[in-house]
Amino acid sequence: MVPSDAQRRVVELRARIEKANYQYHMLDAPTIDDFAYDALMRELQDLEAKHPELVEPDSPTQRVGAPASSRFGPIEHLNPMLSLSNAFDEAEVRAFDARSRKALGRDDVGYVCELKIDGLAINLTYVDGRFTQGATRGDGSVGEDVTGNLRTIKSIPLTLREKVGGRIDVRGEVYLPTAAFDATNRERLERDEPPFANPRNAAAGAVRQLDPAQTAKRNLAMWVYSAAGLAVDSQHALLARVRELGLRTNPNVRQARDVDAVLAFIAEWETTRHDLDYGTDGIVVKVDRVADQEVLGSVSRSPRWAIAYKFPAEQAMTTVEDIKVSVGRTGVLTPVAWLAPVLVGGTTVRRATLHNLAEVRRLDVRVGDRVVIQRAGDVIPEVVRVDPPPVETGKRKPRRGRPFEMPEACPVCAGAVEHREGEVAYRCANPACPAKTGQRIGHFVSRGGFDIEGVGGALIDQLQTRGLVNDPGDLFLLTKEQLLDLDRFAEKSAANIYDRIQAAKRRPLGRIINALGIAQVGWSTSEDLAVWLASRLPADPTLAQVFEALRSASADALQTINGVGEKVAEAIRAFLNDASEITAMDKLVSAGVVPVLPVPGALSAASPFTGRTVVFTGTLERRTREDAEALVRSLGGKAAGSVSAKTDLVVAGPGGGSKLDQAKQLGVKVVDEEAFEAMLAAVQR
Ligand code: IVH
C-alpha cells in the first residue's frame, strides 16, 4: 500500500520530535527552540486526531496516554534486581579491593566509579528496540508495573536509536532534580502535608502516582547504569553502548586503575556533590570487566563485584538556645529548636524542627542541651539526639533545663490551644489568630496565589498590627492614604503598592482557588479544579458564580477531578460551609475580584507559554492587556512589564515603542497580535 501524505508526515514529525528529544535530554544540546518543538508536537497531535488509525503507542504524543489505575500489577524480573553492600570508610573500600584481587588472583583489577543517585531503581524492558514495560525494584524478584508513569518521563526513550533485536533489560535510577524536589515539598507544606525527607521518597511518590498525568507534572528524569542483553565486555563499554542507544547515562563516571584512584574519586565528590542539581548519597564502585564480574558472582542479594561507598551523614554538634513554638496557617503548633548557628554540609543551620510534642518527649531535648543535628537525606535539619544522652549513666546527673511543655495558650494570640484525643497535633483554636491570618495573607499574595509583588511579611505585619487587614480580602479595600500613613511609605511607594493590589483583582481562576488556602488543596489541584469548573461556567463568570458552582458540586462530582479523593473532597466541602470562610469569600466577591478562566482542554504543560516570559507592548485590539496577561499566566507563562534578556516573546500591537526596539536589540522574538491569537487558538482547540 502506498503511504498517504498524512502517514508520511506523521512518520517525519515523529522522527524530528524524537531527534529533538534526544538532543535535548541526552546530549544536553538542543538544536531547535521550544516554539519550534511545540509546533511539531501540535502538528502531530492534529494529524493523529484526524487520522486515529495512525496513532501508535510509541508516538511522542502518547506519553501521557495511559489511564489512571488503582493499583500496579506485579512484574517478575527476568534477573533479580540486586542491591549493593555498603562501605562507610576508606578501610572498607580497601577491604573490598583486597577481596576482589584475591578472588581474581591478580592485582590489576580495574574499576569504574559512578555516582550513587538518590532516587528509585527501575527496570525498563525493550523488545526489538521498543519500550514495552517498566517496573520498580519491589522485593528484588517481583516489582510493580509502572509502565504508564515511566512513559511520561522524557529522558526515557520510547524507541531505541537502533532497532536491537530481542529483549534488553535496562536498569537505572529515576530521580527528581533538586529544584523539582524542593517544589514538591513546598507544595506539600502548602497543603499541610509532611514534606518528603529526601529525594528518593519524593521520586518514589511521583513514580507511584495512580494517574500518569500527575507523574508527568513532576519533572522526573532517569540515569541508566546497567543492562542485560547487550554484548559488551566491561562496565565502561556498557555505559558507552547504552548511550549510543539513546539512553541517558550520568556523565560523572571514571575508570580507576586501582583502589587509590577510587579513593581519589570519592574524595573529590565528597564536596563537589553539593554543586550538582540532583541528589547523590554515595559512590558505586564496580569491577570493570564483565568476565571478572562473572568470576566474582554474588552473595545473597548483592554482587561481590560492586560496593556502594556511602557519604557520611552530615551531622554537627550545637547547643539548643531556645525551643519556640510556631503557628502555621491551619493553627498547628510546631516546636522548633533555636540553635547556636552551625555549618552542616555547606549550609548554616540556625533552626531545626522538632516536629511535635511526641518527638520532643522521645528525644527529651531541653534548652541548654548539646545536640547532634543532621540534614535528613541532606535536606531538612533535625535534631538526632541529645549528647551526652540524657539517660543516667550511673554518674551524677548534670543540671538541665526543664522539660518542654506545649503552651496552654497560643504564643501569638493567647487563644486557647486544642488537643484532640488520639491526635499528635496541638492547634490554636482561635479562627482570628493573627499568626494564622498572617500566614494566610502571605499565602494569598504569594506567587502561586494573587502574586502581589511588594506585599511581604513586614508589610502584612504592620497592616495587621494597625488593624487595617484582618483577612486577605481586606487588602483590596486599602486606600492610598492608608498605605501612605504606614512606616517607610512615601507617595510613590504607596501608589505602587496600591496599583499592584488593584491590578491583582484579575487573576487566573486556579490561582484564586489556591490563594484561598483550602486544606489539602495545593497548586496543582487548584489548577485542576479551575479546569473542571471552567467547563461548568459561562464564558465570563463572576467570582460569585464560581463559588456558587463549587458549592453546588457534590462530593462525588468533586472526586471526578484529578487529584481529588474522598479526603480532599471533604476538605473542600468543609471549607465552603465554614462561616468565617464564607465571610472571607464574600469579601473577595464584593471587592470585585474577577476570575480569568483557563482555556478549556489546555494542559499548561503543553502550552506554548509554559515557563516563558511574555511582554506586551503597543495597543491590543482583541482583548485588554490585563486579560492577555492573565491568559498567559493561566497557560503557565509569566507576563512582564519590560523587556530584558529573560524575555522570551514580545507581542507588539501598533504603537509599541521602546520595548520593541529593545526586543530587536536583544534578539527577542516579536509577534503581532494576530500571531498571538493564533497561538492561543492552537491551545484552545
Ligand atoms: S548498581 C547489581 N549503580 O543503589 C548492581 N546502583 O543498593 C546494583 N543506585 O538499588 C545497582 N546509583 O537503586 C548501581 N550508579 C549506580 C547507582 C545505583 C544508584 C541505587 C540502586 C540500587 C541501590 C543499591
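Residues numbered from 1 in each chain as written. Predicted model: local features only at pLDDT ≥ 70, side-chain atom pairs only at ≥ 80, totals over all residues. Heavy atoms only, no water.

Engineer: Can you walk me through the overall build of the protein in this structure?
Structural biologist: When helices and strands are tallied, the protein shows 24 helices and 26 strands. In terms of overall dimensions, the protein has a C-alpha envelope of 95 × 85 × 55 Å along the principal axes. Taking all 685 residues of the protein together, the buried fraction comes to 47%. Carbon and sulfur atoms form 51% of the exposed surface of the protein, whose accessible area is close to 33,200 Å². The protein carries 87 positive and 92 negative side-chain charges, and their two centres are separated by 2 Å. (Helix = DSSP H or I, 4+ residues; strand = E, 2+ residues; numbered from the N terminus. Buried < 20%, exposed > 50% of the residue type's maximum accessible area, 1.4 Å probe, protein only. Areas by Shrake-Rupley, 256 points an atom, 1.4 Å probe, with all protein chains shown as cover. Lys, Arg positive; Asp, Glu negative; His and termini not counted. Charge placed at Lys NZ, Arg CZ, Asp CG, Glu CD.)

Engineer: Help me understand the sheet that holds strand β8 (residues 221-228), please; the structure alone is not making it clear to me.
Structural biologist: As a general point, the strands of a sheet are linked pairwise by backbone hydrogen bonds and lie either parallel or antiparallel. If you walk across this open sheet you meet the four strands as β5-β4-β7-β8, and the pairing is antiparallel. Each having just a single partner strand, β5 (130-136) and β8 make up the two edges of the open sheet. Strand-to-strand twist in this sheet, taken as the mean axis angle between neighbours without regard to direction, amounts to 30°. In terms of strand pairing, strand β7 (residues 167-175) meets β8 through seven bridges, oriented antiparallel. In the sheet register, Asp-169 faces β8, and the bridge partner there is Ala-228. (Pairing = 2+ DSSP bridges. Axes fitted to C-alpha atoms, helices over the stretch in contact; angles between N-to-C directions.)

Engineer: Is there a simple way to think about the packing of helix α1 (residues 5-26) against helix α2 (residues 34-50) in this case?
Structural biologist: Packed helix pairs are specified by the crossing angle of their axes together with the interaxial distance, meaning the distance between the axes. Packing of α1 against α2 brings their axes to within 10 Å, and their N-to-C directions diverge by 145°. The element α1 and its partner α2 pack so that their crossing is left-handed. Within the contact between the two elements, α1 uses Ala-6, Arg-9, Val-10, Leu-13, Arg-14, Arg-16, Ile-17, Ala-20 and Asn-21 and α2 uses Tyr-37, Leu-40, Met-41, Glu-43, Leu-44, Leu-47 and Glu-48. Among the residues forming the contact of α1 with α2, the class breakdown is 10 nonpolar, one polar and five charged. (Left-handed = near helix turned anticlockwise from the far one by under 90°. Contact = heavy atoms within 4.5 Å. Nonpolar A, V, L, I, M, F, W, Y, C, P; charged D, E, K, R; others polar.)

Engineer: I'm lost on the site of the ligand in this one. Help?
Structural biologist: Around the ligand sit 13 residues, and of these Leu-84, Glu-114, Ile-117, Glu-173 and Lys-286 come closest. Interatomic distance of 3.1 Å between a backbone N/O atom of Leu-84 and an oxygen atom of the ligand. Glu-173 is positioned such that a nitrogen or oxygen atom in its side chain is 2.6 Å from an oxygen atom of the ligand. Contact with the protein chains removes 88% of the 520 Å² of surface that the ligand exposes when unbound. The cavity where the ligand resides is the second largest pocket. When contributions to the shell around the ligand are tallied by element, the ones reaching two or more residues are β3 (111-117) and β10 (280-287). Ranked by the residues each element gives to the shell around the ligand, the list is headed by β3, at four residues. Among the residues making up the shell around the ligand, the classes are represented as eight nonpolar, one polar and four charged. (Near = heavy atom within 4 Å. Polar contact = N/O pair within 3.5 Å; in protein donor to acceptor, adjacent residues only side chain to side chain. 1 Å grid on protein atoms, 1.4 Å probe; cavity = no way out; pocket = protein on both sides within 12 Å on 5 of 7 lines; lining within 4 Å. Sits in = over half its atoms within 2 Å of the grid points.)

Engineer: Explain the state of the cysteines here, please?
Structural biologist: Covalent bonding between the sulfur atoms of two cysteines is what defines a disulfide. On inspection of all chains with the given rule, the structure shows zero disulfides. Among the cysteines around Cys-410, which has no disulfide bond, Cys-413 carries the closest sulfur, lying 3.8 Å off. Assessed through its relative accessible area of 3%, Cys-410 is described here as buried. Here Cys-433 is not cross-linked by a disulfide; its sulfur's nearest cysteine counterpart is in Cys-413, at 3.7 Å. The exposure class assigned to Cys-433 is buried, which follows from its relative accessible area of 0%. (Disulfide = S-S within 2.5 Å.)

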